[in-house]
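Reading the structure
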Amino acid sequence: MEQAELCYLTGRCWAEIDLDAFCHNFEQIQHNAGKASVCAVIKADAYGHGDLVVANLLSSLGAAWFAAAALPEALRLRRHGITTPILLLGYTDPAQAPLLAQYNITQALFSLDYAKALSAAALPGHPVPCHLKVDTGMGRIGFDMRRAPQQALQQMEQCYALKGIRITGIFQHFAVADSLAPADIAYTEQQHALFCQAVDTLKANGHSFKTCHCCNSAAQLLHPEWGMDLVRAGVILYGCQPSSDVPLQGYRQTMTVKTRISYIKELDPGESISYGCTFTASKPMRIATCCIGYADGYPRSLSSKGVLTIHGKPAPVVGRVCMDQLMVDVTAIPEAKPQDEVIVFGPGQAGDSVDDIAQKAGTINYEILCGMSRRMPRLYLVEGKPASAVDYLQG
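Here we summarise the structure given alongside this text. Values in this document were obtained by computation on a predicted structure and should not be read as measured data.

Residue position: Thr 92 is located in the loop between strand S4 (86-88) and helix H6 (97-102). A relative accessible area of 3% places Thr 92 in the buried class. Looking at Thr 92, its side chain comes within polar contact range of the side chain of Gln 107, at 2.6 Å. Look past the residues within four positions of Thr 92 in its chain and what remains in contact with it is Leu 71, Leu 100, Gln 107 and Tyr 114.

At their nearest, the axes of helix H2 (residues 19-33) and helix H4 (residues 51-61) sit 11 Å apart, and the two run at 45° to each other. It follows that H2 is oblique to H4 by the angle criterion. Helix-helix and strand crossings are classified by hand; for H2 and H4 the assignment is right-handed. Contacts between H2 and H4 involve Leu 19, Phe 22, Cys 23, Phe 26 and Gln 30 from the former and Val 53, Val 54, Leu 57, Leu 58 and Leu 61 from the latter. Here the residues of the contact of H2 with H4 are counted per class, giving nine nonpolar, one polar and no charged.

Another aspect to go through is the pairing of strand S15 (residues 307-310). Taking every second residue as pointing to the same face, both faces of S15 are buried, with Val 307 and Thr 309 on one and Leu 308 and Ile 310 on the other. Two elements, S15 and strand S16 (residues 313-316), share four bridges in a ladder whose sense is antiparallel. What sits directly across from Ile 310, in S16, is Lys 313. Hairpin connection of S15 to S16: two residues between the antiparallel strands, including His 311 at a positive phi of 55°.

With that out of the way, let us pick up the packing of aromatic side chains. The final tally for this structure, using the stated rule, is seven aromatic pairs. A ring pair is formed by Phe 22 and Tyr 238, whose centres lie 5.5 Å apart and whose planes are at 85°; its orientation type is edge-to-face. Of this pair, Phe 22 sits in helix H2 while Tyr 238 sits in the loop between strand S10 (230-233) and strand S11 (255-267); the two residues are 216 residues apart in sequence, bridging distant segments of the chain. No difference in accessibility class separates Phe 22 from Tyr 238, as the two residues are buried.

This part covers the packing of helix H8 (residues 149-159) against helix H9 (residues 182-204). Where H8 contacts H9, the axes come no closer than 11 Å and their chain directions differ by 50°. Overall, the two elements H8 and H9 adopt an arrangement that is oblique. The element H8 and its partner H9 pack so that their crossing is right-handed. Across from Leu 153, Met 156 and Glu 157 in H8, the residues of H9 making contact are Ala 198, Thr 201 and Leu 202. Residue classes in the contact of H8 with H9 are distributed as four nonpolar, one polar and one charged.

In this section: the pairing of strand S9 (residues 211-215). Among the five residues that make up S9, five are buried, leaving the element largely enclosed by the rest of the structure. Pairing geometry for strand S8 (residues 165-171) and S9, over three bridges, is parallel. What sits directly across from Ile 170, in S9, is Cys 212. Pairing of S9 with S10 involves two bridges; the strand directions are parallel. Counted as the bridge partner of His 213 is Leu 230 from S10. Read from S9 through helix H10 (residues 217-222) to S10, the crossover connection turns out right-handed.

Thresholds, definitions, all that
- Residues numbered from 1 in each chain as written.
- Predicted model: local features only at pLDDT ≥ 70, side-chain atom pairs only at ≥ 80, totals over all residues.
- Heavy atoms only, no water.
- Helix = DSSP H or I, 4+ residues; strand = E, 2+ residues; numbered from the N terminus.
- Buried < 20%, exposed > 50% of the residue type's maximum accessible area, 1.4 Å probe, protein only.
- Polar contact = N/O pair within 3.5 Å; in protein donor to acceptor, adjacent residues only side chain to side chain.
- Contact = heavy atoms within 4.5 Å.
- Axes fitted to C-alpha atoms, helices over the stretch in contact; angles between N-to-C directions.
- Parallel < 35°, antiparallel > 145°, perpendicular 65-115°, else oblique.
- Left-handed = near helix turned anticlockwise from the far one by under 90°.
- Nonpolar A, V, L, I, M, F, W, Y, C, P; charged D, E, K, R; others polar.
- Pairing = 2+ DSSP bridges.
- Phe/Tyr/Trp six-rings, centres within 6.5 Å; stacked < 30°, edge-to-face > 60°.
- Right-handed = clockwise from strand over helix to strand, strands pointing away.

Take it as geometry only, folks, not as evidence of what the structure does.
Written out as structure tokens, the structure is:
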């Protein structure tokens, strides 16, 4: 990558994506999966990491499936040459059945009415590939094995008789597999038992499916024996914990977010800064303005709570986080100067980790990763050096 391009991309704020960490994490997931294949969950622009770069890398590493949430996400992969099977985990307008069939995108089939609508919209001779979605306790979408198991089984069997759809798999999703509370462990075990009951009953009645899968990231780590044919690797692919209850050993975080100092000023006692004047200095201070704000994905709720890293030292956020900028206290970092690189979050820093940011913001690391704005360039590293980049604003 030429120096001029690198300076342009890293002039304000950016996300560095460690592709070596991706390779390491995927290999770890494959090893832990045993005989099961790996479905890489790359919805939401690969959790903010960049769907096309991640998909191409994981395809080369042997990902058997990709999972997306919305048809446009899947179509984008197909139109950029990704041929790996893709599963849509949620709703697609039945009118799009011809597109699903044309691009060989597998749709989650979650009710008999929805199956009939897909069937009616499909073109003759072009059935939509589908995976049956069983609701065992998540309570979002799916054939309801928890409240009405017999009805759910009957309706799933009726789906096999519909023209215009082709059932190739079956799956479910755990609600609390990332919790070690005794009641949650029991709930997860019940979900697994209900799913196995559905699979076994359908098979006993002569219905086949090539792919059975039930494990999300947490279940893969805590219940590797439940892998079945396929495991869906989500947040662990990006080197983050599903929850504080689930230990994550041997994985590497893939994203580091950085910004720069634009300006440094002295603050006298009694002087306030930023919107609302919520922070007032009680002593002489040195304040640095950084080029990142809530429009870039740094939560406004971390006003006077967050901690960034400058020259390996913690730099606390002071005052309100603005749309495009924030201020930090660099009184204890006398070497800080304009143009210096600032680490917003990343592995092994003096300031906040992505988990720290999530906890302070009252959310989860998933939301922080997915919330990194597309106006922030993604810089892809190989062996620690910039290899490629995506600047969404430049097309």
